[in-house]
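Residue-level structure breakdown
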Amino acid sequence: MPERPSITSSEIGVLWVTYQQKTMVLRMLDYFIEKADDAEAQKIMTDIARDVSPYVDKIKNLFQSEGIPLPVGFTSEDVNSGVPKLYDNGFDIMFLRMVKEISMAMHTLNITMSYREDIILMMRQLTQVTQQCYEQCTRYLLKKGLLTRAPYVAVDNSVEFVKHENYLTGLSPFKEKRTLNTVEIAHIYHAIESNVVGMHMIMGFAQCAQEPAVSKYFNNGAELAKSIVKEMSEIMLENDIPVPAPSGGNVTSSTAAPFSDKIMMYCVSLFCSFSLGGNSLGTSFSLRNDLPAKMAIFMKDIFEYAHKGAKIMIKNGWLEEPPQTKKQ
């Protein structure tokens with residue numbers, strides 16, 4: 001066997017997606033670092049940018065050595081420096097925390113699709129860097145009072161096993177719904193928290209987008225996120241569980257675009273993919289049958305919304321193709 005085997009199709013795909021995501025994050029961090037709320041937030045963002053940049057270079061070198069065309073990804077042309085702040089009150093770290101949450105899931109999945117030791121090591125190292133940054137963001141937001149913990153609840157004093165199929169009931173109007181269990185609360189609250197951040201992000205995007213169709217698309221996305229937050233909150237309130245509301249991440253009055261429409265559309269596409277994955281997990285771990293039914297509707301709406309976004313990106317020449325297989 002050769003000392004280093006050739007790169008596989010799945011490894012090309014893994015590296016290509018990683019390159020797209022990392023160049024997006026680095027370019028958006030260029031702006032957020034410049035407009036940081038305070039020195040601590042600026043250091044968190046500067047440190048992660050410093051730690052991630054070498055991996056973009058490693059992917060470049062890998063592609064060049066394997067004769068694979070280098071992706072375009074996102075460049076300095078996708079960031080407009082010098083414009084006023086579009087967000088304040090901790091949104092920069094809230095955004096970074098959400099991006100790192102997406103990255104943790106991606107890197108873990110990428111390891112399972114990689115075979116070469118150097119690529120597995122790269123994904124393992126990126127996972128470690130990402131986890132450290134995520135923890136720093138969480139500590140920062142909690143300390144500043146910008147991140148609300150999930151609700152506290154009282155639990156039974158003994159272990160119980162399900163004794164009746166009524167435990168699964170939720171859709172029937174003739175049967176009483178049981179109270180939510182803590183696993184279900186965890187996924188519902190996670191959906192609320194994620195969609196609140198996403199709603200703030202996309203409202204800012206809508207406010208500064210250059211293309212009218214893109215601005216309209218973002219406004220529709222904000223309404224979709226708002227409806228998910230509303231319905232998930234109602235489920236918790238029906239169970240007498242308070243819904244903590246994150247207090248950070250305000251959109252300013254600025255209409256000057258810090259980012260290109262292209263990078264903002266890709267960012268929303270990435271968040272949609274993350275939301276679909278999160279709702280899939282929530283569906284898998286929810287045993288009260290009204291919850292998977294509701295999450296399935298959300299997933300349908302999110303998928304249709306993402307599909308419309310893809311059409312806008314294609315129309316404007318913003319959707320970069322992954323490496324294609326040659327026709328025989």
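Residues numbered from 1 in each chain as written. Predicted model: local features only at pLDDT ≥ 70, side-chain atom pairs only at ≥ 80, totals over all residues. Heavy atoms only, no water.

So, about the environment of Pro-5. Considering the arrangement of structural elements, one finds Pro-5 in the segment before helix H1 (9–34). Pro-5 sits 313 residues away from Trp-318 along the chain, and the two C-alpha atoms are 33 Å apart. (Helix = DSSP H or I, 4+ residues; strand = E, 2+ residues; numbered from the N terminus.)

Glancing now at the nonpolar core. Phe-205 and Phe-218 are the most contacted members of the largest nonpolar core, which has 96 residues in total. Taken together, the elements giving at least two residues each to this core come down to H1, helix H2 (39–65), helix H3 (91–112), helix H4 (117–144), helix H5 (182–208), helix H6 (212–238), helix H7 (261–285) and helix H8 (290–315). When residues of this core are assigned to their parent elements, the largest contribution, 13 residues, is made by H1. The residues touching Phe-205, leaving out its near neighbours within four places in the chain, are Met-28, Tyr-87, Phe-218, Phe-259, Met-264, Cys-267 and Val-268. (Core = buried A, V, L, I, M, F, W, Y, C linked by side-chain atoms within 4.5 Å. Buried < 20%, exposed > 50% of the residue type's maximum accessible area, 1.4 Å probe, protein only. Contact = heavy atoms within 4.5 Å.)

Where H6 contacts H8, the two axes come as close as 11 Å, and the packing angle between them is 170 degrees. In terms of their interaxial angle, H6 and H8 are classed as roughly antiparallel. Between H6 and H8, the contacting residues are Ala-213, Val-214, Tyr-217, Phe-218, Asn-220, Gly-221, Leu-224, Ile-228, Glu-231, Met-232 and Ile-235 on the first element and Leu-291, Lys-294, Met-295, Phe-298, Asp-301, Ile-302, Tyr-305, Ala-306, Lys-308, Gly-309 and Ile-312 on the second. Grouping the constituent residues of the contact of H6 with H8 by class yields 15 nonpolar, three polar and four charged. (Axes fitted to C-alpha atoms, helices over the stretch in contact; angles between N-to-C directions. Parallel < 35°, antiparallel > 145°, perpendicular 65-115°, else oblique. Nonpolar A, V, L, I, M, F, W, Y, C, P; charged D, E, K, R; others polar.)

Next up on the list: the pattern of salt bridges. Counting across every chain of the model gives 18 salt bridges. Arg-50 is paired through a salt bridge with Asp-51; the nearest N and O atoms lie 3.0 Å apart. Taking the relative accessible area as the measure of exposure, Asp-51 reaches 27% and is therefore partly exposed. Glu-193 is the salt-bridge partner of Arg-97, the closest N and O atoms lying 3.3 Å from each other. With Arg-97 in helix H3 and Glu-193 in helix H5, this pair connects stretches of sequence that are 96 residues apart. We classify Arg-97 as buried; its relative accessible area is 10%. Residue Glu-193 is classed as buried on the basis of its relative accessible area, which comes to 9%. Via salt bridges that share partners, Lys-43, Asp-47, Arg-50 and Asp-51 belong to a single interconnected network. (Salt bridge = Lys/Arg side-chain N within 4 Å of Asp/Glu carboxyl O.)

It is worth spelling out the side chain of Asn-110 at this point. Here Asn-110 lies in helix H3. Among the residues examined, Asn-110 registers a relative accessible area of 6% and is labelled buried. Setting aside residues up to four positions removed in sequence, Asn-110 forms contacts with Val-14, Thr-18 and Met-123.

Attention now moves to H4. With 28 residues, H4 should reach 40 Å at 1.5 Å per residue; the first-to-last C-alpha distance of 41 Å fits that figure. Downstream of H4 by one or two residues, Gly-145 has phi in the positive range, about 75 degrees. (Expected span 1.5 Å × (residues − 1).)

Okay, the packing of aromatic side chains next. Evaluated as defined, the whole model comprises 14 aromatic pairs. Taken together, a centroid distance of 5.2 Å and an interplanar angle of 75 degrees make the contact between Tyr-31 and Phe-259 edge-to-face. Taken as a pair, Tyr-31 in helix H1 and Phe-259 in the loop between strand S2 (250–251) and H7 lie far apart in primary sequence, 228 residues in all. On the basis of relative accessible area, Phe-259 is assigned to the buried category, the value being 1%. (Phe/Tyr/Trp six-rings, centres within 6.5 Å; stacked < 30°, edge-to-face > 60°.)

Residue position: Met-122 is located in helix H4. Counting along the chain gives 166 residues from Met-122 to Arg-288, while the straight-line C-alpha distance between them is 40 Å. Filtering out sequence-adjacent residues up to four positions away, Met-122 remains in contact with Leu-15, Tyr-55, Lys-58, Ile-59 and Leu-62.

What follows covers the side chain of Asp-261. Along the chain, Asp-261 falls in helix H7. Of the side chains with opposite charge, Lys-315 comes closest to the buried, unpaired Asp-261, at an N-O distance of 12 Å. Polar side-chain contacts of Asp-261 include one of 2.9 Å to the backbone nitrogen of Glu-211. If we ignore the near neighbours within four places in the chain, the residues touching Asp-261 are Ala-209, Gln-210, Glu-211, Val-214 and Trp-318. (Lys, Arg positive; Asp, Glu negative; His and termini not counted. Polar contact = N/O pair within 3.5 Å; in protein donor to acceptor, adjacent residues only side chain to side chain.)

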